[in-house]
Amino acid sequence: MAVAGQRPGRPAGPGPGPGCGEEAFSPSVLGTREHWDAAYERELQTFQDIGDAGEIWFGEESMVRIIRWLEKQKVPLDSSVLDIGTGNGVLLIELAKSGYMNLTGIDYSPSAIQLSEKVREKEGMSGIKLKVEDFLAPSAELSGFDICIDKGTFDAISLNPDNAVGKRKQYVRSLGSVLKPEGFFLITSCNWTKEELLNEFREVAREEKAKSLPAPFSSS
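Residues numbered from 1 in each chain as written. Predicted model: local features only at pLDDT ≥ 70, side-chain atom pairs only at ≥ 80, totals over all residues. Heavy atoms only, no water.

Peer 1: For this particular structure, what's the right way to read the overall build of the chain?
Peer 2: Within the chain one finds 7 helices and 7 strands. Ordered by position from N to C terminus, the α and β elements of the chain give β-α-α-β-α-β-α-β-β-α-α-β-α-β. Per-residue burial over the chain gives 48% buried out of 220 residues. Put simply, of all contacts in the chain between residues at least 6 apart along the chain, 75% involve residues at least 24 apart. With an accessible surface of roughly 10700 Å², the chain has 51% of that area assigned to carbon and sulfur atoms. (Helix = DSSP H or I, 4+ residues; strand = E, 2+ residues; numbered from the N terminus. Buried < 20%, exposed > 50% of the residue type's maximum accessible area, 1.4 Å probe, protein only. Contact = heavy atoms within 4.5 Å. Areas by Shrake-Rupley, 256 points an atom, 1.4 Å probe, with all protein chains shown as cover.)

So, in structure tokens, the structure goes:
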């Protein structure tokens, strides 16, 4: 398990820190499907109007660090990679440009997948697989991945106003079903520390293999 871009301390924001299965954060619209459907509908329209793919979560540097980490671990280019909550699919585009060949992106927002499909077409990366799918209810064929990557999806789930704790637990179960036992899980978070993430994912992560990727920011 690799933790990319996590703050070493609790970031400023409302709500108490996670602990003992309690609600970790104050509920937010950022945790709802309706918010992301509307957001990606706007970004899809913007792409159709001016060709702008939209926001890159955690910035371009976060993608660079993920790719560098994969290269440092000598992860084979034909490894199966799943981008959980792919959004505009830009991370998959950068992975493809770096030579990775077996790439899949899922998102529960149809507008996000429509956007990522248009970005894929523009970049000429037809080999990237994209599908509308809710990671909390994965289909049977979504399994056997060598690498699973999350850039902000678990953060959003943690803010869901409707049973966020239960959804976090379901996320962990879903991860256990789609990731190979010896696979890598790379998660980028601005809400959780490395220690908190290890606790959340203790069912599927081995602490002795957990690593932090150098982050371009720190908390004061």
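Let us keep going from here.
Peer 1: Looking at this structure, I do not really get the pairing of strand β5 (residues 145–151). What am I missing?
Peer 2: Side-chain positions along a regular strand alternate between the two faces of the sheet. Of all 7 residues making up β5, 6 are buried, and the element is well covered by its neighbours. Bridge count between strand β2 (residues 80–84) and β5: 4 bridges; the pairing is parallel. By the bridge assignment, Leu-82 is partnered in β5 with Cys-148. In this structure, β5 lies alongside strand β6 (residues 179–188), joined through 6 bridges in parallel fashion. Residue pairing for β6: Ile-149 is matched across the bridge by Leu-186. (Pairing = 2+ DSSP bridges.)

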